[in-house]
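Here is what each chain is made of, one letter per residue.
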Amino acid sequence: MTSRPARATISDVARAAGTGKTSVSRYLNGELDILSPALKERIAQAIAALDYRPSQMARSLKRGRTRLIGLIIADITNAYSVEIMCGIEAACRDYGFTLLMCNTNNELALEQYYIQLLSSYQVEGIIVNAVGMREEELGRLQQSRLPMTLIDRKIADFDCDVIGLDNHEASEKVTRHLADNGYTALLFISEPIGSVNTRRERLETFRQTIAACPDVEGENAEIALHQTSELSLCLKDFLHRHRHQRCAIISANGPLTLQVVKELQAQAVVTGTDAGLVGFDEMNWSSLVGSGITTLKQPTHQIGYRALQSVIHRIKHPDAEKTEQFFSGELVVRGSSQPL
């Protein structure tokens, strides 16, 4: 069995170039003005001949900077989370950082493990897509005193920068769209709200908007994604009780919208004809179901990109005032919410 050749070291480069390690280090760090042209040429030739690649981690640690950003995601199977991550990755490339992504899969043990892991890697900051995370774990993150930004979640007494969607504006936009298109009975379905502010804000604004529409009735239900039988009964009951009205359903996130579509199809309910449907989050299949599903599209790439910028600002200015920034969503109208 052929053994792999040893990786070249900075000492090897120095010997090949006929100089010392200090001169090679200066060359690698860009301090070229203090090296003679002949020496620079010898070092460059030695690096090429030895295929020398310096350890970026070692160099970063020596300078006290790892250029690592941690990302904790509660559920990587959620398309919203994937698109957020793409925005963060793009910003990392532009700003010279490397992203370490950790998917907790909504499991407490994994949340604890990844928090410890990111600390051991000496990440400079953390971004948390925190909708599915438990508050005790977020509290542990806060105690680490690492620069941190939360995406799409605010927590009482949690002093942290927050980036996300303007949920009040988005929910009002969705609800008024259905009311203006002649729907008089609306059902808002979300996963259990608990202490998740995004779900609470969307529901509260739905109720407030309904109260300002005298000819529209509104109700809501909280159903977990895995409770398919409960969802089926909820939809059947709502449509039956309001069978003499024009009914519509608002789904509070993409995965839940998919479950609603499946249940409506199982009950032979045609969206846009038998019942209206609008879902938060644009999904890659939204235009493929029937005449298309109307969605509230979030600027996910922009949110992710801005989250990385927020963390960098916190790294540079640890004592700056905490900030919150919320972006507008876009209503993408398709056949599922067509007017009378």
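Residues numbered from 1 in each chain as written. Predicted model: local features only at pLDDT ≥ 70, side-chain atom pairs only at ≥ 80, totals over all residues. Heavy atoms only, no water.

## Here we look at the overall build of the protein
Alright, step 1. When helices and strands are counted, the protein shows 12 helices and 12 strands.
Alright, step 2. For the protein, the residues scored as buried account for 48% of the 340 residues in total.
Alright, step 3. Nonlocal contacts in the protein, meaning residues at least 24 apart in sequence, comprise 70% of its contacts between residues at least 6 apart.
Alright, step 4. In the form shown here, the protein has an accessible surface area of approximately 16900 Å², with 50% of it arising from carbon and sulfur atoms. (Helix = DSSP H or I, 4+ residues; strand = E, 2+ residues; numbered from the N terminus. Buried < 20%, exposed > 50% of the residue type's maximum accessible area, 1.4 Å probe, protein only. Contact = heavy atoms within 4.5 Å. Areas by Shrake-Rupley, 256 points an atom, 1.4 Å probe, with all protein chains shown as cover.)

## Describing the packing of helix α2 (residues 21–28) against helix α3 (residues 37–50)
Alright, step 1. Relative to each other, α2 and α3 sit at 85 degrees, their axes nearing to 11 Å. Comparing the axis directions of α2 and α3 gives the class roughly perpendicular. Note on element contacts: α3 touches α2 through Leu-39, Lys-40, Ile-43, Ala-44 and Ile-47, opposite Ser-23, Val-24, Tyr-27 and Leu-28.
Alright, step 2. Residues that form the contact of α2 with α3 fall into these classes: 7 nonpolar, 1 polar and 1 charged. (Axes fitted to C-alpha atoms, helices over the stretch in contact; angles between N-to-C directions. Parallel < 35°, antiparallel > 145°, perpendicular 65-115°, else oblique. Nonpolar A, V, L, I, M, F, W, Y, C, P; charged D, E, K, R; others polar.)

## Observations regarding unusual backbone geometry
Alright, step 1. Residues other than glycine seldom take positive phi values, yet Asp-51 does so here, at roughly 50 degrees.
Alright, step 2. By the element assignment, Asp-51 lies in the loop between α3 and α4 (56–63).
Alright, step 3. Of note, the phi angle at Ala-268 is positive, near 60 degrees, even though the residue is not glycine.
Alright, step 4. Tracing the backbone shows Ala-268 in the loop between α11 (254–266) and β9 (276–280).

## Regarding the pairing of strand β8 (residues 247–251)
Alright, step 1. Within β8, 5 of the 5 residues are buried, leaving the element largely enclosed by the surrounding structure.
Alright, step 2. Relative to β8, strand β6 (residues 185–190) is paired through 5 bridges, and the arrangement is parallel. In the strand pairing of β8, Ile-189 is matched with Ser-251.
Alright, step 3. Examined bridge by bridge, β8 and β9 share 4 bridges and lie parallel to one another. From the neighbouring strand, Ile-250 faces β9, where its bridge partner is Val-278.
Alright, step 4. Between the parallel pair β8 and β9, the chain is carried across by α11, and the sense of this crossover is right-handed. (Pairing = 2+ DSSP bridges. Right-handed = clockwise from strand over helix to strand, strands pointing away.)

## Remarks on the pattern of salt bridges
Alright, step 1. Enumeration according to the criterion identifies 9 salt bridges in this entry.
Alright, step 2. Ionic pairing is found between Glu-191 and Arg-199, a salt bridge with its closest N-O pair at 3.9 Å. The same class applies to Glu-191 as to Arg-199, namely buried.
Alright, step 3. Its salt-bridge partner being Glu-282, residue Arg-334 comes within 2.6 Å of it at the nearest N-O pair. Taken together, the residues span a long stretch of sequence, with Arg-334 in the segment after β12 (330–332) and Glu-282 in the loop between β9 and β10 (294–297) at a distance of 52 residues.
Alright, step 4. For Arg-334, a relative accessible area of 18% gives the class buried.
Alright, step 5. Through salt bridges with shared partners, a single network forms among Glu-219, Asp-237 and Arg-241. (Salt bridge = Lys/Arg side-chain N within 4 Å of Asp/Glu carboxyl O.)

## Some words on the environment of Glu-191
Alright, step 1. As for its position among the elements, Glu-191 is in the loop between β6 and α9 (197–211).
Alright, step 2. Ignoring sequence-local partners within four residues, the contact set of Glu-191 consists of Arg-199, Glu-222, Ile-223, Leu-225, Asn-253 and Leu-256.
Alright, step 3. At a separation of 2.8 Å, a polar atom in the side chain of Glu-191 contacts the side chain of Asn-253. (Polar contact = N/O pair within 3.5 Å; in protein donor to acceptor, adjacent residues only side chain to side chain.)

## A closer look at the packing of aromatic side chains
Alright, step 1. If you walk through the whole model with that rule in mind, you get 3 aromatic pairs.
Alright, step 2. Directly above the aromatic system of Phe-97 lies the positively charged group of Arg-67, at a separation of 4.0 Å from the ring centroid.
Alright, step 3. Here the basic side chain of Arg-246 rests over the ring of Tyr-183, its NZ or CZ set 4.1 Å away from the ring centre. (Phe/Tyr/Trp six-rings, centres within 6.5 Å; stacked < 30°, edge-to-face > 60°. Lys NZ or Arg CZ within 6 Å of the ring centre and 35° of its normal.)

## Describing the packing of helix α8 (residues 167–180) against α9
Alright, step 1. Relative to each other, α8 and α9 sit at 45 degrees, their axes nearing to 8 Å. By the criterion of interaxial angle, the relationship of α8 to α9 is oblique. Both α8 and α9 take part in a crossing whose hand is right-handed. Mapping the contact onto sequence places Asn-167, His-168, Ser-171, Glu-172, Thr-175 and Arg-176 in α8 and Thr-198, Glu-201, Arg-202, Glu-204, Thr-205, Phe-206, Thr-209 and Ile-210 in α9.
Alright, step 2. Class assignment for the residues of the contact of α8 with α9 results in 2 nonpolar, 7 polar and 5 charged. (Left-handed = near helix turned anticlockwise from the far one by under 90°.)

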